[in-house]
Amino acid sequence: MAQNQFHHYIPRFILRNFSEETVEKERPKILLPWRKILNPGQHLQTPGPLIQIPVSIKVYSILDKRITLEDVSRIYGIQNMYRDIAEDDCMRFEKLLNKLEAPASLFVRQILLESQDLPLTRTRLANFKKFLAIMMYRNDSRRKQYAEDGFDMMTRMSIQRHMQFNKINKIQEVWFENLKWILKTPVEEIIKEFERSRAMGDSLGAFLTYKGPIHIAELMDTSVLMTMYVCIWEAQEGSEFILSDNCFGCFEGHMGCVFHFIFVLSPKYAVALVKRAYMWDTMKALPHRKSWFEEFHANPDVVYSKNNVRGPEGFTPGDVFKYSRIVIPRKKVWLVNSIFLDVGHKYISYKSDLAMYKSLVFYDKNKKELFENKHDYSILKRKLVAEMNRTHRA
């Protein structure tokens, strides 16, 4: 069994962007070149500069109705996510995931630093979306669904058929085997496997007949996400995105069609994965309502490695996509936050009391018309008002 560990389902490099408290720490010591050592008794290392390390974020517990400061190393995660999985298997998976996370965090850092250019090669773009897909699937609710066998009859039958084909003994193991396959398989092979499943007919036909290395539902979900295109949203001045345990991959859609997957990066920025039909301007032909955010799309500028590219046969891994930020008006930022609020699960985090309060007011005003669950956040609203009054008096 895997050793006792806490695994984040929202990356720590995202959580730190909502930090309320920092501690001053010394950078790792720097080894001095021999030529700088004038005194033979001088120590071979010199202290690095002091830096501020984010350590805690503000968290509202939906269950306990309390606002607390929580250590970023112990929130938005699961103790022993890979319980009942062999430790060596878990360690190999986490090492591979870390290799995928590092370039993703670098791109997020470029966004936060407000660099003029936000370039991604075709390979890095595919891996960035793959990282987002894995983090969507590697969360508490999806793991729990498999751990507790929380499926309808038709899905359970398809999973049992998948288990028999792949010689998997327990339904709880399917979740981790799916994760491993997504992580290890090149994006091109994932898409090819999806195309193979489509040859079996429509979605229902594939669901009933597909046999392969991953369960068909996860193959469909991952492939759809991998074919979506990236937009970078910037919250208008005076508004902020909030953080919740469902904010890393929550979606907007209609009648089973996903328009946007949304991934919050910081109070100021979010990444939206957009249904490709918007790029082709074919959404109008589909029987769905208008998206709340369809005016906030922008295709990236593409610099191709080859000349006179006319189709996919001319694409290369070195093609560069250059992204720009799209400013989202305050009301649309509150609408994004309202999606998270309506899903409601365990936690909500925010940077500004006022920005959080405005999102709650917007949600209360529109939840009857726009949302299904219509949660009551009156206690949080009262706490925010009390805190803002206390700060104002101080």
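Residues numbered from 1 in each chain as written. Predicted model: local features only at pLDDT ≥ 70, side-chain atom pairs only at ≥ 80, totals over all residues. Heavy atoms only, no water.

### Re the pattern of salt bridges
To keep it simple, the criterion reads: When a carboxyl oxygen of Asp or Glu is within 4 Å of a side-chain nitrogen of Lys or Arg, the pair counts as a salt bridge. Helix and strand definitions here come from DSSP, where helices need a minimum of 4 consecutive H or I residues and strands a minimum of 2 consecutive E residues; each element is numbered from the N-terminal end. Partly exposed residues are those whose accessible area sits between 20% and 50% of the maximum for their type, while under 20% is buried and over 50% is exposed, using a 1.4 Å probe and protein chains only.
By the definition in use, this model includes 19 salt bridges. The shortest N-O distance in the salt bridge between glutamate 234 and lysine 268 comes to 3.7 Å. Of this pair, glutamate 234 sits in strand β9 (residues 229–235) while lysine 268 sits in the loop between β12 (257–264) and β13 (269–274), placing them 34 residues apart in sequence. Using a relative accessible area of 30% as the deciding quantity, one classes lysine 268 as partly exposed. In this structure, arginine 289 and glutamate 252 form a salt bridge, with 3.0 Å as the shortest nitrogen-oxygen distance. With arginine 289 in the loop between α10 (276–279) and β14 (301–303) and glutamate 252 in strand β11 (residues 248–254), this residue pair connects regions lying 37 residues apart in the sequence. The class of glutamate 252 is buried, set by a relative accessible area of 2%. Put simply, Asp89, Arg92, Glu177 and Lys180 are held in one network by salt bridges that share partners.

### Section: the sheet that holds β14
Our working rule: Only strands joined by at least two bridges in the DSSP assignment are considered to pair. As a rule, the C-alpha atoms of each element are fitted with a line to give its axis, helices using only the stretch in contact, and angles between N-to-C directions run from 0 to 180 degrees. Whether two residues touch is decided by their heavy atoms; if any such pair falls within 4.5 Å, the residues are in contact.
Spatially, the three strands line up as an open sheet ordered β8-β15-β14, and their pairing is antiparallel. Both edges of this open sheet fall to β8 (118–121) and β14, since each of them pairs with a single strand only. The sheet shows a mean angle of 25 degrees between the axes of neighbouring strands, taken without regard to direction. As paired strands, β14 and strand β15 (residues 320–323) are joined by three bridges and run antiparallel to one another. Residue pairing across strands places valine 303 opposite valine 320, the latter belonging to β15. Against the sheet, helix α2 (residues 87–112) contacts β8 and β15, and its axis sits at roughly 160 degrees relative to β8. Packed onto the sheet, helix α3 (residues 122–137) meets β8 and β15 and runs at close to 95 degrees relative to β8.

### Details of the confidence of the model for the chain
So the rule is basically this: Note on scores: pLDDT gives the predictor's confidence for each residue, bounded by 0 and 100.
Per-residue confidence for the chain averages 89 on the pLDDT scale, and 90% of its residues sit at or above 70. Strand β3 (residues 30–31) is the least confidently modelled element of the chain, averaging 45 in pLDDT, while β13 averages 98, the highest of any element. This model gives residues 30–44 a pLDDT under 50, and the stretch forms 15 contacts once residues within four places in sequence are excluded.

### Here we look at α3
Our working definition: The span expected for a helix works out to 1.5 Å for each residue beyond the first.
A rise of 1.5 Å per residue sets the reference length of α3, with its 16 residues, at 22 Å; its end C-alpha atoms lie 23 Å apart and thus fit the reference within 8%. Within α3, twelve of the 16 residues are buried, leaving the element largely enclosed by the surrounding structure. Those residues of α3 not exposed but buried are Leu125, Ala126, Phe128, Lys129, Lys130, Phe131, Leu132, Ala133, Ile134, Met135, Met136 and Tyr137.

### Notes on the packing of aromatic side chains
Centre distance and the angle of the planes are the two values used to describe a pair of aromatic rings. Condition: Working definition: a ring pair exists when centres of Phe, Tyr or Trp rings (six-membered ring for Trp) sit within 6.5 Å. Plane angles under 30 degrees give stacked, over 60 give edge-to-face, the rest tilted.
This model, assessed by the stated rule, comprises 20 aromatic pairs. Between tyrosine 82 and phenylalanine 93 the ring centres are 5.7 Å apart and the planes differ by 70 degrees, which places this aromatic pair in the edge-to-face class. Of this pair, tyrosine 82 sits in the loop between β7 (77–79) and α2 while phenylalanine 93 sits in helix α2, and the two are eleven residues apart along the sequence. As far as burial versus exposure is concerned, tyrosine 82 and phenylalanine 93 are alike and both buried. Aromatic pair tyrosine 146 and phenylalanine 151: ring centres 4.8 Å apart, planes at 70 degrees, arrangement edge-to-face.

### Quick look at the sheet that holds β11
Strand pairs in the sheet, formed through backbone hydrogen bonds, run parallel or antiparallel to each other. Pairing in this open sheet of five strands is mixed, and the strands run β11-β12-β13-β9-β16 from one edge to the other. If you trace the sheet from one side to the other, it starts and ends with β11 and β16 (325–328), each paired once. The sheet shows a mean angle of 30 degrees between the axes of neighbouring strands, direction not considered. Its contacts with the sheet put α2 on β9, β13 and β16, and the angle it makes with β13 is roughly 120 degrees.

### Digging into the packing of helix α7 (residues 187–198) against helix α9 (residues 216–226)
Put simply, the rule is: When describing relative orientation, an angle under 35 degrees is termed roughly parallel and one over 145 degrees roughly antiparallel, while 65 to 115 degrees is termed roughly perpendicular and anything else oblique. Note: crossing handedness is left-handed where the near helix turns anticlockwise from the far helix by less than a right angle, and right-handed where it turns clockwise. Residues are grouped as follows: nonpolar covers Ala, Val, Leu, Ile, Met, Phe, Trp, Tyr, Cys and Pro; charged covers Asp, Glu, Lys and Arg; every other residue, Gly included, is treated as polar.
Contact pair α7 / α9: the axes reach a minimum separation of 10 Å and the direction vectors enclose 120 degrees. If you check the angle between α7 and α9, you find them oblique. The handedness of the crossing between α7 and α9 is left-handed. Mapping the contact onto sequence places Val187, Ile190, Ile191, Glu193, Phe194 and Ser197 in α7 and Ile216, Leu219, Met220, Thr222, Ser223 and Met226 in α9. Broken down by class, the residue content of the contact of α7 with α9 amounts to eight nonpolar, three polar and one charged.

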